[in-house]
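Working through the structure, step by step
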Amino acid sequence: MTTPGEPLFDNFSFGDYLFSAEKSRIDMTAIHAFLDKESYWARGIPYETVVRAIQGSVCIGIYDPEGQLAGFGRMITDRATFAYLADIFVLKTHRGKGLSKELMKVFCQLADRFGLRRFLLTTQDAHDLYRRSGFELFPYPERLMSRPGLSYQHNPERQ
């Protein structure tokens, strides 16, 4: 098991890409740009919110041969019983190379290493990707609840 601050895994190559959990490598500006302008789930998110989210999460970056961000994902977890997977993406110019499947493999290995009892995510359009990684529809949807929070898309202060 790992504790915060301890390396989650050694950086490794997958084809021409580097996978790393080193937060010092993370390009906050590139991640914010994708989430704010291209994602359907976090459009309009403030930069400061992205920074705080990354600081409090287990993050994996995917980097191209020039060291530029190609993909990203984060796991919100207590590293003991529960995790929620969020902000999984591969930039358009890097898609079709198996990067998202490899990213999911790494996150699932971490979940197994942590010994999690529950590992959740939500998706609008990537059900097949997540099914291939062992995710399935929530077995008791009537038990799952949500409390509405801030909606970035409709935040008048950001216009």
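Residues numbered from 1 in each chain as written. Predicted model: local features only at pLDDT ≥ 70, side-chain atom pairs only at ≥ 80, totals over all residues. Heavy atoms only, no water.

Looking at the overall build of the protein
Along the backbone of the protein there are four helices and six strands. Reading the helices (α) and strands (β) of the protein from amino to carboxyl end gives β-β-α-α-β-β-β-α-β-α. On C-alpha atoms alone, the protein measures out to a radius of gyration of 16 Å, which is about the 15 Å that the 2.2 N^0.38 rule sets for 159 residues. Taken across its 159 residues, the protein has 43% of its residues classed as buried. A fraction of 59% describes how many contacts in the protein between residues 6 or more apart in sequence connect residues 24 or more apart. (Helix = DSSP H or I, 4+ residues; strand = E, 2+ residues; numbered from the N terminus. Rg over C-alpha atoms; globule rule 2.2 N^0.38 Å. Buried < 20%, exposed > 50% of the residue type's maximum accessible area, 1.4 Å probe, protein only. Contact = heavy atoms within 4.5 Å.)

A closer look at the sheet that holds strand β5 (residues 82-90)
With mixed pairing, the six strands of this open sheet are ordered in space as β1-β2-β3-β4-β5-β6. A strand with exactly one partner marks an edge of an open sheet, and here the two such strands are β1 (12-14) and β6 (118-120). Across the sheet, the mean angle separating the axes of adjacent strands is 20° when strand polarity is ignored. Of the strand pairs in this sheet, strand β2 (residues 17-20) and strand β3 (residues 58-63) are connected by three bridges, and their pairing is antiparallel. Among the inter-strand pairings, F19 is bridged to a residue of β3, identified as I62. Docked against the sheet, helix α1 (residues 28-37) engages β4 (69-77) and β5, running at close to 90° with respect to β5. (Pairing = 2+ DSSP bridges. Axes fitted to C-alpha atoms, helices over the stretch in contact; angles between N-to-C directions.)

Digging into the environment of G96
By the secondary structure assignment, G96 is in the loop between β5 and α3 (99-114). Sequence separation between G96 and A83 is 13 residues; the distance between their C-alpha atoms is 27 Å.

Focus: the pattern of salt bridges
The full count for this structure, using the stated rule, is four salt bridges. With its nearest N and O atoms 3.4 Å apart, the salt bridge here joins E22 to R25. Between K37 and D36 there is a salt bridge, and its shortest N-O distance comes to 3.1 Å. Classification of K37 by relative accessible area gives exposed; the value is 59%. With relative accessibility at 8%, the residue D36 sits in the buried group. (Salt bridge = Lys/Arg side-chain N within 4 Å of Asp/Glu carboxyl O.)

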